[in-house]
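Given next are the chains, with one letter for each unit.
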Amino acid sequence: MSGLSKSEGGDHDSIEFKLLGVFIERRGRVLSRDQLLETAWDRGTHVADRAVDAHIVNLRRKIEPHPAEPKFLLSVRGLGYRFDGRSTFLTESHRVSRR
């Protein structure tokens, strides 16, 4: 299966890349699902807000050493998600991707 599978409103890798960019630009800030929908999907694209959750899960699988226990991309209950990537993010991600 290719890494570029189609999803609602775009391909997975493209959406996840956009989401990661938004999280990096707004590091440390909580972003709601609505904010993420507005920034990662094209205007006029109808996407369920839970689609964000699915992409967050996929993104965690790619960047977290242990996706079930995220250190970088955190859920903030009732509010949204926050990226707490620090300088260790690249080191940790690089270490994981080389295994």
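The present account deals with the structure reproduced in this document. (Residues numbered from 1 in each chain as written. Predicted model: local features only at pLDDT ≥ 70, side-chain atom pairs only at ≥ 80, totals over all residues. Heavy atoms only, no water.)

## Description of the overall build of the chain
Alright, step 1. Of the regular secondary structure elements, the chain holds 4 helices and 5 strands.
Alright, step 2. The buried share of the chain, taken over its 99 residues, is 37%.
Alright, step 3. In the chain, once contacts between residues fewer than 6 apart in sequence are set aside, the share between residues at least 24 apart is 48%.
Alright, step 4. When the accessible area of the chain is evaluated, it comes to approximately 6600 Å², of which 50% is carbon and sulfur surface. (Helix = DSSP H or I, 4+ residues; strand = E, 2+ residues; numbered from the N terminus. Buried < 20%, exposed > 50% of the residue type's maximum accessible area, 1.4 Å probe, protein only. Contact = heavy atoms within 4.5 Å. Areas by Shrake-Rupley, 256 points an atom, 1.4 Å probe, with all protein chains shown as cover.)

## With respect to the nonpolar core
Alright, step 1. Counting 20 residues, the largest nonpolar core has Leu-19, Phe-23, Leu-36, Trp-41, Val-52, Leu-73 and Phe-83 as its most contacted members.
Alright, step 2. Of all the elements in the fold, those that place two or more residues in this core are α1 (12–25), α2 (33–40), α3 (50–63) and β5 (80–83).
Alright, step 3. When near neighbours in sequence (up to four residues on either side) are disregarded, Leu-19 contacts Leu-36, Ala-40, Trp-41, His-55 and Leu-59. (Core = buried A, V, L, I, M, F, W, Y, C linked by side-chain atoms within 4.5 Å.)

## Structural notes on the environment of Arg-82
Alright, step 1. With respect to the helices and strands, Arg-82 occurs in strand β5.
Alright, step 2. Sequence-distant contacts of Arg-82, defined by excluding residues within four places in its chain, comprise Phe-23, Gly-28, Arg-29, Val-30, Phe-72, Leu-73, Leu-74 and Val-76.
Alright, step 3. Of the polar contacts made by the side chain of Arg-82, one reaches the side chain of Asp-84; its length is 3.0 Å. (Polar contact = N/O pair within 3.5 Å; in protein donor to acceptor, adjacent residues only side chain to side chain.)

## A short note on the packing of α2 against α3
Alright, step 1. Running from N to C, α2 and α3 cross one another at 80°; their axes reach a closest spacing of 9 Å. Taken together, α2 and α3 sit at an angle that is classed as roughly perpendicular. Contacts between α2 and α3 involve Arg-33, Leu-36 and Leu-37 from the first element and Arg-50, Val-52 and Asp-53 from the second. (Axes fitted to C-alpha atoms, helices over the stretch in contact; angles between N-to-C directions. Parallel < 35°, antiparallel > 145°, perpendicular 65-115°, else oblique.)

## Comments concerning the pattern of salt bridges
Alright, step 1. If you walk through the whole model with that rule in mind, you get 4 salt bridges.
Alright, step 2. The closest approach of N and O atoms between Arg-50 and Asp-53, which form a salt bridge, is 2.8 Å. With Arg-50 and Asp-53 both in helix α3 and 3 residues apart, this pair spans about one turn of that helix.
Alright, step 3. Residue Arg-50 is classed as exposed on the basis of its relative accessible area of 54%.
Alright, step 4. Between Arg-82 and Asp-84 there is a salt bridge, with the nearest N and O atoms lying 3.0 Å from each other.
Alright, step 5. Among the residues examined, Asp-84 registers a relative accessible area of 13% and is labelled buried. (Salt bridge = Lys/Arg side-chain N within 4 Å of Asp/Glu carboxyl O.)

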